[in-house]
Amino acid sequence: MAYDRIYNFSAGPSMLPLEVLESARDNLLNFEGCGMSVMEMSHRSKVFDNIIVQAEAQMRKVMNIPDNYKVLFMQGGASLQFAMIPMNLMTKNGKADYVLTGNFSSKAAEEAAKYGKVNIAASTKDEKFCRIPQQNELKLDPEADYVHICFNNTIYGSCWNYIPDTGDVPLVADMSSCIMSRPIDVSKFGMIYAGAQKNVAPAGLTIVIIREDLLGNHLPFTPALCDYTLAAKNGSMYNTPPCWSIYICKLVMDWLLSIGGLEVMEQRNLEKAKLLYDYLDSSDFYTAGISPESRSIMNVRFNTPNEDLDAKFVKESAADGMSNLKAHRSTGGLRASIYNCMPYEGVEHLVEFMKKFEAENK
Ligand SMILES: *Cc1c(COP(=O)(O)O)cnc(C)c1O
């Protein structure tokens, strides 16, 4: 690859489009002739105002976000949302439904329990989170203030392949590791949120997309910086926003539109995932971690026959120009995160390496 870059399979932060990095580099010292870097300019300046306005407008185009939804640029990562969601939304009946499908959904439920009553509507923990529950397994409470799910489970490598029907109860989804990987009907959700560092921008920015009628009900002690309503009123600039991440986000939105939007992105992602899963399923050396109907096209988890070979795989793949193929400590084994910006050639390179490794270690 250009500039001696390697194929980075990190679960996050992860690869960005080369065109975006080149554009940021070219404008690093003097942004579009304004005489300073985006890193140095006032967030109240006209130049930055144009950047944040365009970042939102382009994101609305990319995701086809309806007009009755606010787009908020927040901080604190997806993890702070685990607390902000109950503070802002668990406020009518003081209870919410959580579906446990992995580490992050479990953390979200634990955090929410500090603010109200959490009902575990379903959990696949007993099956080591190897699949997503089906609609008829969800024990939903019609009086819940919302239903929370983690749409793509980064650590386990599973993904919801359907949008659950929650009736009139708003559906809240953590899409940190799958946002903008394919078209999604935003109107089916009360709120979508995502840490930006997987598919959208560098770390430091969190995207919140929320239906307007859900605003204005926060708990009285909610910190100002955790209040969606205040963020919306102030155009995400109640205080200094993560300017640099918002700027890169804008460039990534431009890039997504330039390649043909999320329909094209989805095709590319499906082709990459198919190449890898087809090989895993054809091999009796590697085992895929997730049941076929619940597989993520972003995070692909697999194992060799034993832990020693997993460790050898990590070491030898690093020597062959690939990084971060070791899975999270809570699952062990291997994981390839193949987000939007991982090129098809990167997955081809991985599969070629896997074939060679299998032949040498069988
Ligand atoms: C990465 C990730 C998180 C944590 O994000 P932070 O921005 O580090 O807080 C939460 N949920 C999911 C699904 C993730 O992939």
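What you see is a predicted model, and the numbers here were worked out from it, not measured in a lab.

Next up on the list: the sheet that holds strand β12 (residues 299–303). An order of β11-β12-β14 is seen for the three strands of this open sheet, with the pairing classed as antiparallel. The open sheet has two edge strands with one neighbour each: β11 (287–288) and β14 (334–337). With four bridges joining them, β12 and β14 adopt antiparallel strand pairing. When the sheet's bridge partners are listed, arginine 301 is paired in β14 with arginine 335.

Attention now moves to the sheet that holds strand β8 (residues 171–174). Spatially, β2-β10-β9-β8-β5-β3-β4 is the arrangement adopted by the seven strands of the open sheet, whose pairing is mixed. Two strands bound the open sheet, and with one partner strand each, they are β2 (69–74) and β4 (117–123). Adjacent strand axes in the sheet meet at a mean angle of 20°, parallel and antiparallel pairs treated alike. As paired elements, strand β3 (residues 95–100) and strand β5 (residues 147–150) share two bridges and run parallel to each other. When the bridges of β5 are listed, aspartate 97 appears paired with valine 147. In the packing of helix α2 (residues 46–63) onto the sheet, the strands contacted are β2 and β10 (206–211), and the crossing angle to β2 comes to about 130°. Along the sheet face, helix α4 (residues 103–112) touches β3, β4, β5 and β8 and points at about 160° away from the line of β3.

What follows deals with the packing of helix α6 (residues 243–259) against helix α7 (residues 261–282). Helix packing geometry: the angle between the two helix axes and the distance between the axes. Following both chains from N to C, one finds α6 and α7 inclined at 80°, their axes separated by 7 Å at the closest point. In terms of their interaxial angle, α6 and α7 are classed as roughly perpendicular. Across the interface between the two elements, Trp255, Leu256, Leu257 and Ile259 of α6 pack against Gly261, Leu262, Val264, Met265 and Arg268 of α7.

Rules and cut-offs
- Residues numbered from 1 in each chain as written.
- Predicted model: local features only at pLDDT ≥ 70, side-chain atom pairs only at ≥ 80, totals over all residues.
- Heavy atoms only, no water.
- Pairing = 2+ DSSP bridges.
- Helix = DSSP H or I, 4+ residues; strand = E, 2+ residues; numbered from the N terminus.
- Axes fitted to C-alpha atoms, helices over the stretch in contact; angles between N-to-C directions.
- Contact = heavy atoms within 4.5 Å.
- Parallel < 35°, antiparallel > 145°, perpendicular 65-115°, else oblique.

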